[in-house]
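Commentary on secondary and tertiary structure
Below, each chain spelled out in residue letters.
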Amino acid sequence: MIKCLGVLSSGEGSNLQSIIDSTNGGILKGLAKVVLVISNNPNAYALKRAEKESIKFACVERKSFKDEESFNDVILTELQGMKVDIVCLAGYLRLVGQRIIRDYRNKVLNIHPALLPKFGGKGMYGCHVHAAVVKSRETVSGATVHLVDENYDTGKIIMQREVRVFENDMPQDVAGRVLAVEHKIYPEAIKILIGDLNKNL
Ligand code: GAR
């Protein structure tokens, strides 16, 4: 059975796009489809991408709710309402609620723009990661897809790929190289997870 993906994104959504493309004509074709895109940011380009692809989308803003729990409960209800099998965090910059993790145990994936466990944790996202990599004079960085647990960036690693970091690189140079790799490995990691889920049916 084709797996339904729900993608959470706070911004640009280029990883969302690579996932959609791979379900349309790439390695996820016939295996998965994106049925729902949720953003906490009303200006996220990810929402526009969903609209263009005729995928259901929803904006759920934290400020509309009294606490984290009720905010996350609405996201969970949306995911369940669309019968989402796998939740993909793609540039989603909030901690995922405990109930979502519990209900989707081992079925929530995240992509991180570094080689975890290095350069992970709270506050380590986007350009902050690449700035830290350059500052500490790393010669390699990369991307990691991992299962999400209750903490930031600590769940089981599904896939990693390295990129070179050169001596005169600026953070945005590393970011571009890493992002290109992200677009390749996220669909590959989703395929691995689907294979695992099908084995354990
Ligand atoms: C990606 O580089 C992703 O790895 C990163 O945000 C960017 C989102 O780009 N995520 C994190 O830093 C999470 N800790 P996108 O919106 O174009 O996919």
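Structural data are supplied above this passage.
Remember, predicted model here, so these are calculated numbers, not experimental data.

1. Thoughts on the site of the ligand
Contacts to the ligand come from 13 residues, most closely from Gly-13, Ser-14, Asn-15, Gly-126 and Glu-182. A distance of 2.9 Å is found between an oxygen atom of the ligand and a backbone nitrogen or oxygen belonging to Asn-15. Contact with the protein chains hides 88% of the accessible area of the ligand, taken as 450 Å² for the molecule alone. If you list the elements that add at least two residues to the shell around the ligand, you get α1 (14-25), β5 (108-112) and α6 (171-199). Classifying every residue of the shell around the ligand gives five nonpolar, six polar and two charged.

2. So, the pattern of salt bridges
Considering all chains together, one arrives at 13 salt bridges under this definition. One salt bridge in this structure joins Glu-68 and Arg-94, with 2.5 Å as the shortest N-O distance. Here Glu-68, found in helix α3 (residues 68-81), pairs with Arg-94, found in the loop between β4 (86-89) and α4 (98-103); they are 26 residues apart in sequence, far enough to count as distant. Relative accessible area serves as the criterion here: at 25%, Arg-94 is assigned to the partly exposed category. Arg-99 is paired through a salt bridge with Glu-69; the nearest N and O atoms lie 3.2 Å apart. Within this pair, whereas Arg-99 is found in helix α4, its partner Glu-69 is found in helix α3, the two being separated by 30 residues in sequence. For Arg-99, a relative accessible area of 31% gives the class partly exposed. Beyond isolated ion pairs, a larger network of salt bridges with shared partners links Arg-62, Glu-68 and Arg-94.

3. Section: the sheet that holds β4
With mixed pairing, seven strands are arranged side by side in an open sheet as β3-β2-β1-β4-β5-β6-β7. The sheet is open, and its two edges are formed by β3 (56-59) and β7 (157-164), each paired on a single side. When strand polarity is set aside, the average angle formed by the axes of neighbouring strands in this sheet is 20 degrees. Looking at chain direction, β5 and strand β6 (residues 140-147) are connected through four bridges and run antiparallel. Bridged to Leu-109 within β6 is Leu-147. On top of the sheet, α6 reaches β1 (3-8), β2 (32-39), β4, β5, β6 and β7; it is set at about 160 degrees to β7, its chief contact.

4. Quick notes on unusual backbone geometry
Cis peptide bonds are those with omega within 30 degrees of zero, and the linkage from Leu-116 to Pro-117 qualifies with 10 degrees. The phi dihedral of Phe-119 is positive, around 55 degrees, even though this residue is not glycine. Tracing the chain through its elements places Phe-119 in the loop between β5 and α5 (126-135). Overall, the relative accessible area of 19% leaves Phe-119 in the buried class. One non-glycine residue, Arg-137, lies in the positive phi region at around 55 degrees. Here Arg-137 shows up in the loop between α5 and β6.

5. Regarding the nonpolar core
Membership of the largest hydrophobic core comes to 41 residues, with the highest contact counts inside it found for Leu-5, Val-34, Cys-88, Leu-109, Tyr-186 and Ile-190. Looking at this core element by element, the count peaks at 10 residues for α6. Setting aside residues up to four positions removed in sequence, Ile-190 forms contacts with Leu-5, Ile-19, Leu-28, Cys-88 and Leu-109. If you look at the next biggest cluster of nonpolar residues, it comprises 21 residues, including Cys-4, Val-87, Val-96 and Val-108.

Criteria and thresholds
Residues numbered from 1 in each chain as written. Predicted model: local features only at pLDDT ≥ 70, side-chain atom pairs only at ≥ 80, totals over all residues. Heavy atoms only, no water. Near = heavy atom within 4 Å. Polar contact = N/O pair within 3.5 Å; in protein donor to acceptor, adjacent residues only side chain to side chain. Areas by Shrake-Rupley, 256 points an atom, 1.4 Å probe, with all protein chains shown as cover. Helix = DSSP H or I, 4+ residues; strand = E, 2+ residues; numbered from the N terminus. Nonpolar A, V, L, I, M, F, W, Y, C, P; charged D, E, K, R; others polar. Salt bridge = Lys/Arg side-chain N within 4 Å of Asp/Glu carboxyl O. Buried < 20%, exposed > 50% of the residue type's maximum accessible area, 1.4 Å probe, protein only. Pairing = 2+ DSSP bridges. Axes fitted to C-alpha atoms, helices over the stretch in contact; angles between N-to-C directions. Contact = heavy atoms within 4.5 Å. Core = buried A, V, L, I, M, F, W, Y, C linked by side-chain atoms within 4.5 Å.

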